Amino acid sequence: MNNAPLLELRGVGITAGDRRNRRTLVRDVDLTVAAGETVGLVGESGSGKSMLVKSAMRLLPRHAATSGRIDFEGRSVLGFSRRELSAYRSRDVALIHQDPRAHTNPLRTIGDFLVEGVVAGKLLGPREARQRACALMAAIGITDPEHRLTQYPHQLSGGLLQRMMIVAALLPSPKLVFADEPTTALDVTVQSEVMAILQEQIRERNLGLLFISHDLDLAAAVTDSLAVMYAGTVVERGTTAEVYSRPLHPYTAGLLACRPSATAVTRLKPIPGRPVSAYEVASGCAFAARCPFATEECRKDRPQLRTVEDRLVACHRVEQIGAELAQVVHS
Amino acid sequence: MTTRSVIAPALVVEGLRKEFPAHSRGGKALVAVDDVSFTLERGGSLAVVGESGSGKTTTARIVAGLERATSGTVTAAGSGKGTARPVQMVFQDPFASLDPRQRIGAGLTELLRVRIGLGRAAARERAVGLLAEVGLDEQHAARLPRDLSGGQRQRVAIARALALEPEILILDEAVAALDVSVQAQVLNLLRDIRERTTVAFLFVSHDLAVVRQVTDQCLVMRNGRVVEQGPTAEVLDHPRDPYTRELLDAVPRPGWQPRRRSA
Amino acid sequence: MATLTATLRLRRMSTRRPGDPLLMVSAALAAGLVVLAVIGPWIAPYDPAATDVLAASQGPSGAHLFGTDSLGRDIFSRALTGARLSFAGPGIIVLGSAGLGTLLALAAAWHGGWVDRLLNRLLTLLFAIPGVLVAVVAAAVFGAGFWAPVLALTLVYTPYVARVVRSVAVRQRQLPYIEALQLAGLPTWRICLRHLLPNVAPIVLAQATIGFGSALMDFGAVSFLGLGMQPPTAEWGVMVADGRSEVLDGAVQQSMAAGLCIVISVVAFNVLGERLTQRFGGTR
């Protein structure tokens, strides 16, 4: 994957609130997504992963501010004019939400919903848009597409509606797709199907995909590289196979170790405490309070991402704890 | 698992059926639960597994008495003795299942005083004990639900249910809304409770991995009907029904690839 | 779900902003007015009933802050003393209608079904009747004075409280915590009074505050029409009416002072109520 990156985040920080009470939600995040690459952004609640996607689309609410650089094909997203921004949103990137029902107007037909964006963005004429939508639906295995166009969201199951969201996202032929927990609201069997479709389409079109999930197992199955977020920062970044099979950060290891298995009964090894948000962390490593390996240094100095064995890890003690981490995961 | 002497079952459900009336005149009534029967032993743990629309939650709500069955019987142990409720329930959403304006300790002592009949001091002492049992301490007693994390709230919900010394504890997707790292804590807690007490679990869940950890028996539902039933390990390791197999195949795990159904 | 909590957290942060200047100002003003109404009679510089024919119909001066009326009574003292009565009427109306309305709302929200439908019909019917008219008719039937209009207005204000509180209570009723309490076997009255009520209380307070402003206006209007409080009682509505004849003689101070008192109070309580409603997220 030696393509120039489509999306490049450099030192991105997000704060929200008013002047008296500003809170840090995301701190100093670097991330790149290249064409044809699927990047997983994994973290629990409060990790800031959804905020990051919102900021990359400039969809954050007014009282939230983004710092750092967000470049799309070398152009600064944060510096876009209103017109550039609407062109960027309508044809360069697409967003698939967690809850498709909340993002469709119950009073409009699926057809209206699908073609509205591309027609308004003057990418396609109404008739052509409908034809393309039907072709896409057929391609991802939706039967009787013409009829579907005339249906309303409540007539479709959650899985089918999420597939419509994929159609809507792909219709303008974007270069990059953000998928924010696209299958979290779905049943597992439907999740498998929707993910298969999404993966197939992304590969076929050689698109970039930023896949946000709280489910490390799911993300590992569908991504090329992984970024694990905790309390608003990326704590580990590397190729999926490596991060998943041999985590270097204690948090990644903890996440892998605490997931129950469907094939064996074991005493689970939970991470003590609860996930925190960036603004709850005063100094030092955000994970120190829950980390079995934390030392005085961890509580005082915030570790920076550094390169360890071909990947990036934000942990002072990577070298010392490697062997023990392996034990945490595989026992 | 520890072996338990089996006396009378904690819960016997026979031929349960629930129809919801049709929305429009002339429309067909929706059958949410169709001929469901099962037995939950005392101190046992039974999983009701299924996807949305399978009827698993409706079944649990009927057992809890929150919904009335169209036909069929639910017999819970201890339903004869006085006013005590043999069935308690922990709900999915930790953010909505506690009174937002009542402090944790006050909520527990209210239950203990009104339902168990303890005096003020005894209730307070027992409340602290219950909080300790679920891994919380006195300091949490003074807080409001909004000052607790999702995992802590779910612990409080469990403590509230246990306060009434039920025979059966229904857990309706009780860990589904929790972050994984916290989910593991609550699952361990549930296992500890099983070892400590004789309360029986009716564990409603869509998550097979979670079900594996805390149940001995398992019931797979689809479209209101039971498709497979047996010991959890047996059902998950050697599924007989194709739907159970499909469910298992869809669980992401190392080496897993998403698949489009051929149907 | 992680996304959901993140957005919720973000939203909560934005709404929990401490500074709502309008809320602060109106709350301070309303509180000040209530304090004045309570202590008014003790701090009034003159006896509000004392006439002084030699100093009749004077404009504002150092001795008489708001001037005097045609009988030479000190208008400032009368306005201060009258505040108590002018607030007592609406106060009782609001207490009564909030209590009754909340009770009806909780009953409707709890039982749903036909109880709810019946209440809805009843409210719709009551909404069609203009408040002042009912008060006037009540005064005509039961005689002018304090209680007839107060009781009539209490009845008229009840549906306004009931409607808003019902919508909030219905939402609360559907939350699992209520089901959990039912499952725990707590008596219904206890769940309603100890759990449901505290959770709708903020919106009751907000509605009562708005109602207080309107009731003040209506009660004043009834007195102005001569069907509520009677002269020579010091009450704002009565004072505005008393002042009418003086206006023709060029002495506007009495009507003006009492009228301003009413306007300021109504605005203060209305704004406060609106801000509280905003804050507590009720639907109107």
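Rules behind the numbers
- Residues numbered from 1 in each chain as written.
- Chains lettered and ligands numbered in written order.
- Predicted model: local features only at pLDDT ≥ 70, side-chain atom pairs only at ≥ 80, totals over all residues.
- Heavy atoms only, no water.
- UniProt positions renumbered as here; feature names shortened; annotations may be inferred.
- Helix = DSSP H or I, 4+ residues; strand = E, 2+ residues; numbered from the N terminus.
- Rg over C-alpha atoms; globule rule 2.2 N^0.38 Å.
- Buried < 20%, exposed > 50% of the residue type's maximum accessible area, 1.4 Å probe, protein only.
- Contact = heavy atoms within 4.5 Å.
- Areas by Shrake-Rupley, 256 points an atom, 1.4 Å probe, with all protein chains shown as cover.
- Buried area = accessible area lost by both parts, 1.4 Å probe.
- Salt bridge = Lys/Arg side-chain N within 4 Å of Asp/Glu carboxyl O.
- Polar contact = N/O pair within 3.5 Å; in protein donor to acceptor, adjacent residues only side chain to side chain.
- Axes fitted to C-alpha atoms, helices over the stretch in contact; angles between N-to-C directions.
- Parallel < 35°, antiparallel > 145°, perpendicular 65-115°, else oblique.
- Left-handed = near helix turned anticlockwise from the far one by under 90°.
- Nonpolar A, V, L, I, M, F, W, Y, C, P; charged D, E, K, R; others polar.
- Pairing = 2+ DSSP bridges.
- Phe/Tyr/Trp six-rings, centres within 6.5 Å; stacked < 30°, edge-to-face > 60°.
- Lys NZ or Arg CZ within 6 Å of the ring centre and 35° of its normal.
- Domains from an automatic or database assignment.

By the naming in an unreviewed UniProt entry, chain B is ABC transporter ATP-binding protein, taken from Streptomyces griseorubiginosus. A UniProt comment under Sequence similarities (unreviewed entry) is attached to chain B, and it reads "Belongs to the ABC transporter superfamily."

An unreviewed UniProt entry lists chain A under the name ABC transporter ATP-binding protein, with Streptomyces griseorubiginosus as the source organism. The UniProt entry for chain A carries this comment under Sequence similarities (unreviewed entry): "Belongs to the ABC transporter superfamily."

Things to note about the overall build of chain B
From N to C terminus, chain B includes nine helices and nine strands. Its C-alpha atoms give chain B a radius of gyration of 19 Å, within 12% of the compact-globule value 18 Å for 263 residues. By its C-alpha atoms, chain B is 60 × 45 × 45 Å across when sized along the principal axes. By the burial criterion, 54% of the 263 residues in chain B qualify as buried. When contacts within chain B are restricted to residue pairs at least 6 apart in sequence, long-range pairs at least 24 apart make up 66% of them. When the accessible surface of chain B is summed, it comes to about 11,600 Å², and 47% of that surface belongs to carbon and sulfur atoms.

Remarks on the interface of chain A and chain B
Between chain A and chain B, the residue contacts involve 43 residues of the former and 34 residues of the latter. Taken together, the two surfaces of chain A and chain B that pack against each other cover about 3,300 Å², and 53% of this comes from carbon and sulfur. Where chain A touches chain B, the interface holds two salt bridges. Linking Asp 207 of chain B and Arg 259 of chain A is a salt bridge whose minimum nitrogen-to-oxygen distance equals 3.5 Å. For the interface between chain A and chain B, the tally reads 18 residue pairs in polar contact (both at pLDDT 80 or more). Elements with a contribution of two residues or more to the side of chain A that touches chain B: helix H7 (188-205), helix H8 (216-222) and helix H10 (250-258) of chain A.

Here we look at the pattern of salt bridges
The tally for this structure, following the rule as stated, stands at 37 salt bridges over all chains. In this structure, the salt-bridge partner of Glu 193 of chain A is Arg 163 of chain A, at a minimum N-O distance of 3.9 Å. One end of the pair, Glu 193 of chain A, is in helix H7; the other, Arg 163 of chain A, is in helix H6 (residues 158-170), with 30 residues separating them in the sequence. Residue class for Glu 193 of chain A comes out buried when judged on its relative accessible area of 13%. Since its relative accessible area comes to 14%, Arg 163 of chain A is described here as buried. For Asp 249 of chain B, the salt bridge identified is with Arg 259 of chain B, shortest N-O distance 3.9 Å.

Brief notes about the packing of H6 of chain A against H7 of chain A
Residue and element names in this part refer to chain A. For the pair H6 and H7, the least separation of the axes is 10 Å and the interaxial angle reads 15°. One finds that H6 runs roughly parallel with respect to H7. As H6 packs across H7, the resulting crossing turns out to be right-handed. Facing Gly 159, Gln 162, Arg 163, Ile 166 and Leu 170 of H6, the residues of H7 in contact are Val 190, Glu 193, Val 194, Ile 197, Leu 198, Gln 201 and Arg 205. Among the residues making up the contact of H6 with H7, the classes are represented as six nonpolar, three polar and three charged.

Side note on H10 of chain A
For H10 of chain A, the tally of buried residues reaches nine of nine residues, placing the bulk of the element in the interior. Those residues of H10 of chain A that sit buried are Pro 250, Tyr 251, Thr 252, Ala 253, Gly 254, Leu 255, Leu 256, Ala 257 and Cys 258 of chain A.

Comments concerning the sheet that holds strand E9 (residues 225-231) of chain B
All names here are of chain B. In space, the six strands of this open sheet follow the order E5-E6-E7-E3-E8-E9, with mixed pairing throughout. Lying at the two open borders of the sheet, with one neighbouring strand each, are strand E5 (87-90) and E9. Mean inter-strand twist for the sheet, computed between neighbouring axes without regard to direction, equals 15°. Pairing analysis gives five bridges linking strand E6 (residues 168-172) to strand E7 (residues 200-205), with the strands arranged parallel. Pairing of Leu 169 across the sheet is with Phe 201, part of E7. Sitting on the sheet, helix H1 (residues 56-64) is in contact with strand E3 (45-49), E5, E6, E7 and strand E8 (217-222), with an inclination near 150° to E7. The strands touched by helix H5 (residues 150-163) within the sheet are E5 and E6, with E5 carrying the most contacts at an inclination of about 175°.

Structural notes on the side chain of Thr 215 of chain B
Residues and elements named next belong to chain B. Summarising the element assignment, Thr 215 is placed in the loop between helix H7 (208-214) and E8. Residue Thr 215 is classed as buried on the basis of its relative accessible area of 7%. Among the polar contacts made by the side chain of Thr 215, one reaches the main-chain carbonyl oxygen of Val 211 at a distance of 2.8 Å. Within polar-contact distance, the side chain of Thr 215 engages the side chain of Thr 232 at 3.0 Å. In contact with Thr 215, not counting residues within four places along its chain, are Ser 45, Leu 46, Ala 47, Phe 203 and Thr 232.

Section: the UniProt feature "domain: ABC transporter" (unreviewed entry) in chain A
The residues that UniProt annotates with the feature "domain: ABC transporter" (unreviewed entry) are residues 9-256 of chain A. Spanning residues 9-256 of chain A, this segment combines 40% helix with 27% strand, and its end C-alpha atoms are found 26 Å apart.

Some details on the packing of aromatic side chains
Residues and elements named next belong to chain C. The final tally for this structure, using the stated rule, is 14 aromatic pairs over all chains. What links up through ring pairs into an aromatic cluster is the set Phe 87, Phe 212, Trp 236 and Phe 269. Its end group placed over the ring of Trp 42, Arg 84 keeps NZ or CZ at 5.1 Å from the ring centre.

Focus on the domain arrangement of chain B
All names here are of chain B. Domain boundaries in chain B define domain 1 (11-86 + 166-249) and domain 2 (98-165). Measuring from the centre of the C-alpha atoms in domain 1 to the corresponding centre in domain 2 gives 26 Å. Facing the 16 residues of domain 1 at the interface are twelve residues of domain 2. With both sides pooled, the region where domain 1 packs onto domain 2 buries about 1,100 Å², and carbon together with sulfur makes up 65% of that total. For the interface between domain 1 and domain 2, the tally reads one salt bridge. Across the salt bridge formed by Glu 133 and Arg 196, the nearest N and O atoms sit 3.7 Å from each other. Inspection of the region where domain 1 meets domain 2 yields three residue pairs in polar contact (both at pLDDT 80 or more). Per-element tally for the side of domain 1 that touches domain 2: the top contributor is helix H6 (residues 180-196), with seven residues.

Section: the pairing of E9 of chain B
Residue and element names in this part refer to chain B. Relative to E9, E8 is paired through six bridges, and the arrangement is antiparallel. The residue of E9 that forms the bridge with Leu 219 is Gln 229. Between E8 and E9, which pair antiparallel in sequence order, lie two residues; one of them, Asn 223, sits at a positive phi of approximately 50°.

Here we look at the sheet that holds strand E1 (residues 11-20) of chain B
Within a sheet, neighbouring strands are paired by backbone hydrogen bonds and run either parallel or antiparallel to one another. Residue and element names in this part refer to chain B. Across the sheet, three strands lie side by side as E2-E1-E4; this open sheet has antiparallel pairing. Both edges of this open sheet fall to strand E2 (30-40) and strand E4 (71-76), since each of them pairs with a single strand only. Taken pair by pair, the neighbouring strands of this sheet meet at an average axis angle of 20°, ignoring direction. Sheet analysis places E1 next to E2, joined by seven bridges and oriented antiparallel. The residue bridging Val 12 from the neighbouring strand is Thr 39, located in E2. Along the sheet, H1 contacts E1, E2 and E4; its crossing angle with E1, the most-contacted strand, is approximately 120°.

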